[in-house]
Amino acid sequence: MGVTVLEQRRWIGKPVKRVEDSRLIKGLGDFIDDLSEFRNAYHLAVFRSPIPHGIIKRVDVSRALKYPGVVAALTGRDVLETSDPFPVGILNPPKYYSMAINKVRYVGEPVAAIIARDKYSAYDATELVDFEYEPLKHVIDPEDAIKSDAPLLHEELGSNVVWHRKLSYGNVSEAFASADRIVTTKVRFPRYSSVPLEPFAAVAYYDKASGVMTIYCNFHGPWTMYSVLSKALRLPEDRLRVITTRDIGGGFGIKSSIYPFLTLVALAAKKVDGPVKWIETRREHLLSGSSHSERVATLEAAVKNDGTILGIRHKIIDDVGAYIRAPEPGCVLRGLGNNVGAYKFRNLEIDAYIVVTNKIQTGPNRGYNCQHLYFGLERLVDKIAYELQMDPAEVRFRNLIPPEMMPYTTPTGGIYDSGDYPTLLKTALNLIDYGRFREEQKRALAEGRYLGVGLAVIVDPAGSNMGYVTVAYPPEFRARSDYLPKSGTANLARIRMLPNGKFVVKSDVNPQGQGHETSISQIVAEELGVDISDVIVDTWLDSFTDPWTVSTGNYSSRFAAVHASAVALAARKLKDKIFEIAAALLNCNKNDLAVRDGNVYSTREPGRSISLKRIAGTVYWNPSSLPSNIEPLLEASAAFNIPLVKAPAPDDTVNSSATYASAADAVKVEVDIETGEVKILKYVSVHDCGRIINPIIVEGQIIGSLLHGIAGALYEELVYDKETGQPLSSTFADYLCPTASEMPMNIEIDHLETPSPLTILGAKGTGEASTESAPVAVANAVEDALRPLGVTVNELPLYSWRVWELIRRARERVR
């Protein structure tokens, strides 16, 4: 295994325009609502709880069933009788079904479902559902939820803390005992989502003859939840067929939370004996879809007077909403391998609590866990700098892992495959003109203008290890003889050569807009010496007919590192078969062959050649002409997995990701102290995602993730009223998803390529890094601007009113 040096590259690394865009801009995409075979399907609509917490006294659907077009209904009683709670990887979890059973625990929780011949009748009939309930006290704030007098969401647990583990690495006590000072900060990271263009969508139908339930959905990683869905539906996996469409209108991790609704649609299909479709509305998505967790964290750093960090204690309270659902507690554990970020301290303690509140449940969101992690860590680094009266850049340089230590094993078990973090930061500082800006900042302050610069250096994990989340179990549980360890991050690919010499690639990833068809075509064209127009990529996925593994899918920035490696391996296997056949037809040594421009030729005698079309024609139409030891098959499959991605060790260390990219951000802002408005003057982001397959696609991914991170810093938040428990941001009128006019125009992206030694092409992930770094970089910049006023920034988003309030409070303290 290792990086292949591709001399005279024709396709890899080139800015090839996306091949899938032609059909998408013409409206010819294949999305769930476009499936013509289900135009006459029944439609499902959900009646949802109007209260945050209460005992269900009565759910009566009799009036709804009399509405024209309505054919059936489901209630909690039906769900209880025909399905099981969803499994989740912790000890003693609360029971979680696709519908409320005896209590409602958040506004928007499904209480009943109506199935009708059209969607309008289904939604109209939900207004006829009679729902009687006994209101209970609710709790919205995670710190309130852990108080002894807090209302309990799940009485059988006796607490709103549903999971707790304290993890310790190195010698934390010694680090703190030898420190010159202890620096402490407390931060709060808000809930926000990704609002994909296409919300959740599904169609299900049940075949009585075979007993097979077929579900079409737009989840970009369905196999990770396949067993969860199977157990909830009481179906063996050979009776559950899941199909994902070629096109998915965005996902960003949020759609990993679709499986409760897939269960509901499947139960409806079984009840009406026909296909049932459900297309989520935008309000439903904001009301009861998903988001990442809300976090309250306290961090303590043991530091020397020269800025050296000796160790960190990190207390985490993560709010996962009304129920904990798979893959939680990934909100705490996903970034375990990279929990020290880009820094070389070896002592770390994590005291983590998962609590439930009367809000929607959580799940992965772009950057899963890492935006929370780095908001605390990089705010802490800035505070260390300010307390020691050092420049924030200087403290970072003092603590960054140097490139000569690569590959580097973190105290938590992560194996950083490659990187040069000091060079990333130096490049970012040069591009932002850091030294000159500090002088400009002083002049501006003298004029009454408040300028600031914020920095962040982060390590971006890609290709999640399936076993990372099992650190949720204590080591003694994982050591039991009946426990099956989990590990790995495998992806698969299959390539077939057609009779005309063209190629079809079967991919096990589900693109959601990243341009995978283009990148796969580039890899295959490079390896097989053809034009990208000679490669067709099939991204439909069918659990019954296509190759897949549990980790198959499009999440955790795994494409470039893991799936691209599988594609390259499959192409090489197929090339070897092609060369074997060509050697027989050309009567030459297979090892002397090369391929370019659709022709296989001898490197010793370039005039001796044969076209790929001729080779394919021989195999398909004249196989008897081949030697008997040559299989007449022009197809190859490959699986790629990184062996270093193992199950957690007894000491709770785990290499939680396949590869680790990195980024350094620098942002300049100006804050209007009269209005609190934050204006981004320039944003610089320098990335190392290993070998770049397509610069255009990488640039698009970085810009997208950067804007998502800025949105979390300044605009987006799922807000709940603490007094009433009602969501206050269930429409775009209240949930401030920024448009192009709110985004900074002066963005500069740069790259450093340190190829991964673990992947076939040297590539790593790139689609999430700036989502992780931007929130804290902006927060650091705003505090830097307002530090002369005594303002501290420990909470997002930085709405103008919130910044104004911070300024007001700081001025009052001075008085």
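Just so we're clear, the structure is a prediction, and the values are computed from it rather than from any experiment.

J.: Requested: an account of the overall build of the protein chain, with residues and values cited.
T.: Along the backbone of the protein chain there are 21 helices and 29 strands. Relative to the compact-globule value of 28 Å for 815 residues, the protein chain shows a C-alpha radius of gyration of 28 Å, a close match. C-alpha atoms of the protein chain, sized along the principal axes, occupy 95 × 70 × 55 Å. Of the contacts made within the protein chain by residues no fewer than 6 positions apart, 81% connect residues no fewer than 24 positions apart. A total of about 29900 Å² of accessible surface is found on the protein chain, and carbon and sulfur atoms cover 50% of it.

J.: Pulling in residues and values, what's your account of the nonpolar core?
T.: Judged by nonpolar contacts, the single largest core of 169 residues is most densely connected at Ile215, Tyr421 and Leu786. Ignoring sequence-local partners within four residues, the contact set of Tyr421 consists of Ala342, Leu400, Ile401, Met406, Tyr416, Val457, Val459 and Ser662. Counting 57 residues, the second largest nonpolar core, distinct from the first, contains Val16, Val530, Ala561 and Ala571.

J.: Which residues make up the packing of aromatic side chains, and what are the values?
T.: Applying the stated criterion to the full structure yields 21 aromatic pairs. Their ring planes at 80 degrees and their centres at 5.9 Å tell us that Phe47 and Phe131 sit as a pair that is edge-to-face. One end of the pair, Phe47, is in strand β1 (residues 42–48); the other, Phe131, is in strand β6 (residues 130–135), with 84 residues separating them in the sequence. Each member of the pair, Phe47 as well as Phe131, is classed as buried. Look at Phe131 and Tyr133: their rings are 5.0 Å apart centre to centre, the planes differ by 45 degrees, and that puts the pair in the tilted class. A cation over a ring is seen here: Arg313 above Phe176, with NZ or CZ 4.0 Å from the ring centre.

J.: Give me the lowdown on the sheet that holds β6, citing residues and values where you can.
T.: Here we have three strands laid out as an open sheet, ordered β4-β2-β6, and antiparallel in their pairing. Unpaired on one side and paired on the other, β4 (103–104) and β6 mark the two borders of the sheet.

J.: Go over unusual backbone geometry with me, naming the residues and quoting the values.
T.: Pro327 follows Ala326 through a cis peptide bond whose omega is 10 degrees. Following the sequence through the fold, Pro327 ends up in the loop between β14 (309–319) and α10 (330–333). A cis amide bond links Met406 to the next residue, Pro407, at an omega of -5 degrees. Relative to the helices and strands, Pro407 resides in the loop between α12 (392–399) and β16 (408–409). Here Gln389, not a glycine, exhibits a phi torsion of approximately 55 degrees, which is positive. Within the secondary structure, Gln389 sits in the loop between α11 (370–387) and α12. Even without being glycine, Asp433 reaches a positive phi, approximately 55 degrees.

J.: How would you sum up the sheet that holds strand β29 (residues 747–751)? Please name residues and give values.
T.: The strand order across the open sheet built from four strands is β18-β27-β28-β29, with neighbouring strands paired in mixed fashion. With partners counted over all chains shown, the strands left at the sheet margins are β18 (450–464) and β29, one partner each. Neighbour-to-neighbour, the strand axes of this sheet turn through a mean angle of 15 degrees, independent of strand direction. Here strand β27 (residues 657–671) runs beside strand β28 (residues 678–688); their pairing, made up of 10 bridges, is antiparallel. Within β28, the position partnered with Glu670 by the bridge is Lys679.

J.: So, the environment of Ala113: which residues are in play, and what are the values?
T.: Its location among the elements puts Ala113 in strand β5 (residues 110–116). A C-alpha to C-alpha distance of 32 Å links Ala113 and Trp548, two positions 435 residues apart in sequence. Filtering out sequence-adjacent residues up to four positions away, Ala113 remains in contact with Leu44, Ala45, Val46, Ala72, Ala73, Leu74 and Met99.

J.: So what's going on with the state of the cysteines? Residues and values would help.
T.: Taken as a whole and assessed by the stated rule, the structure comprises zero disulfides. Of all cysteine sulfurs, the one in Cys331 lies closest to Cys370, which takes part in no disulfide; the gap is 12 Å.

J.: Could you give me a rundown of the pattern of salt bridges, with the residues and numbers involved?
T.: Scanning the model with the defined rule gives 62 salt bridges in all. A salt bridge links Glu132 to Arg58; the shortest N-O distance between them is 2.9 Å. Of this pair, Glu132 sits in strand β6 while Arg58 sits in strand β2 (residues 54–60); the two residues are 74 residues apart in sequence, bridging distant segments of the chain. Judged by its relative accessible area of 39%, Glu132 is partly exposed. Glu387 serves as the salt-bridge partner of Arg181, at 3.6 Å between the closest nitrogen and oxygen. One end of the pair, Arg181, is in strand β8 (residues 181–189); the other, Glu387, is in helix α11, and 206 residues separate them in sequence.

J.: Got a sec to walk through the pairing of strand β10 (residues 212–217)? Specific residues and values, please.
T.: Burial of β10 is extensive: six of the six residues sit out of reach of the surface. Burial along β10 is two-sided: Val212, Thr214 and Tyr216 and Met213, Ile215 and Cys217, pointing in opposite directions, are all buried. As paired elements, strand β9 (residues 201–207) and β10 share six bridges and run antiparallel to each other. Among the inter-strand pairings, Tyr206 is bridged to a residue of β10, identified as Met213. In sequence, β9 turns back onto β10 through a hairpin of four residues, with Gly211 there showing a positive phi of about 75 degrees. Bridge count for β10 against strand β11 (residues 240–244) is five bridges, and the pairing is parallel. Across the sheet, Met213 pairs through a bridge with Leu240, a residue of β11. Considered for its hand, the β-α-β crossover made up of β10, helix α7 (residues 226–232) and β11 is right-handed.

J.: I'd like a rundown of the packing of α11 against α12, residues and numbers included.
T.: Between α11 and α12, whose axes approach to 8 Å, the crossing angle comes to 110 degrees. Considering the angle they form, α11 stands roughly perpendicular to α12. At the point where α11 passes α12, the crossing takes the right-handed sense. Touching Glu378, Val381, Asp382, Ile384, Ala385 and Tyr386 of α11 are Pro392, Val395 and Arg396, all from α12. Tallied by class, residues from the contact of α11 with α12 come to six nonpolar, no polar and three charged.

J.: Lay out the environment of Ile140 in plain terms, naming residues and giving numbers.
T.: Among the structural elements, Ile140 can be located in the loop between β6 and α5 (142–145). Spatially, the C-alpha atom of Ile140 lies 38 Å from that of Asn746, the residues being 606 residues apart in sequence. When sequence neighbours within four positions are dropped, the list of residues in contact with Ile140 reads Asp319, Thr357, Asn358, Lys359, Tyr720, Asp721, Lys722 and Gly725.

J.: Summarise helix α21 (residues 800–814); cite the residues concerned and give the values.
T.: For α21, with 15 residues, the first-to-last C-alpha span of 21 Å sits near the 21 Å given by 1.5 Å per residue. Every buried residue of α21 is listed here: Arg802, Val803, Glu805, Ile807 and Ala810. For α21, the secondary structure elements touched by its buried residues are β27, β28 and α20 (769–786).

J.: Describe the environment of Glu526, with residues and values.
T.: Here Glu526 lies in helix α16 (residues 516–528). Classification of Glu526 by relative accessible area gives buried; the value is 15%. Considered as a pair, Glu526 and Glu284 are 242 residues apart in the sequence and their alpha carbons are 45 Å apart. Here the side chain of Glu526 touches Ile12 through a polar contact of 2.7 Å, landing on its backbone nitrogen.

Procedures and definitions
- In every chain, residue numbers begin from 1 and rise along the written sequence.
- Residue-level local features of this predicted model are given only where pLDDT is at least 70; pairs of side-chain atoms are given and counted only at 80 or more, and the full residue set underlies all totals for whole chains, interfaces and linings.
- Side-chain calculation: all heavy atoms of the structure are included, whereas hydrogens and water are not.
- What counts as a helix is a DSSP run of H or I of at least four residues, what counts as a strand is a run of E of at least two, and both are numbered from the N terminus.
- Our radius of gyration is a C-alpha quantity, and the globule rule it is checked against amounts to 2.2 Å times the number of residues to the power 0.38.
- Whether two residues are in contact is decided by their heavy atoms: any pair within 4.5 Å suffices.
- To measure how exposed things are, a 1.4 Å probe is used in the Shrake-Rupley method; for residues, cover is taken only from the protein chains shown.
- Side-chain atoms within 4.5 Å are what join buried Ala, Val, Leu, Ile, Met, Phe, Trp, Tyr and Cys residues into a set we call a nonpolar core.
- Buried, partly exposed and exposed residues are distinguished by accessible area as a fraction of the type maximum, computed with a 1.4 Å probe on protein chains only: under 20%, between the cut-offs, and over 50%, respectively.
- Here a Phe, Tyr or Trp ring, Trp counted by its six-membered ring, pairs with any other such ring whose centre lies within 6.5 Å, and the pair is stacked when the planes are under 30 degrees apart, edge-to-face when over 60, and tilted otherwise.
- Either the NZ atom of lysine or the CZ atom of arginine qualifies as a charge over a ring when it sits within 6 Å of the ring centre and within 35 degrees of the ring normal.
- When DSSP finds two or more bridges between two strands, those strands count as paired.
- Inter-axis angles, ranging from 0 to 180 degrees, are taken between N-to-C directions of lines fitted to C-alpha atoms, where helices are fitted over the stretch in contact.
- Any cysteine sulfur atom paired with another within 2.5 Å is treated as part of a disulfide.
- Throughout this description, the term salt bridge denotes a Lys or Arg side-chain nitrogen within 4 Å of a carboxyl oxygen of Asp or Glu.
- The crossover handedness rule: strands pointing away from the viewer, path from first strand over the helix to second strand clockwise, crossover right-handed.
- Throughout this description, any angle smaller than 35 degrees is read as roughly parallel, any larger than 145 degrees as roughly antiparallel, any in the 65 to 115 degree range as roughly perpendicular, and the remainder as oblique.
- In this scheme, a crossing is called left-handed if the near helix is turned counterclockwise away from the far one by less than a right angle; it is called right-handed if the turn is clockwise.
- By the convention adopted, Pro, Cys, Tyr, Trp, Phe, Met, Ile, Leu, Val and Ala count as nonpolar, Lys, Arg, Asp and Glu as charged, and the other residues, Gly among them, as polar.
- Every helix has an expected span of 1.5 Å times one less than the residues it contains.
- A 3.5 Å cut-off defines polar contacts: any pair of N or O atoms within that distance qualifies, except that in protein one atom must be a possible hydrogen donor and the other a possible acceptor, and neighbouring residues in sequence count only when both atoms are side-chain atoms.

Interpretation note: all reported values are geometric properties and have no functional meaning in isolation.
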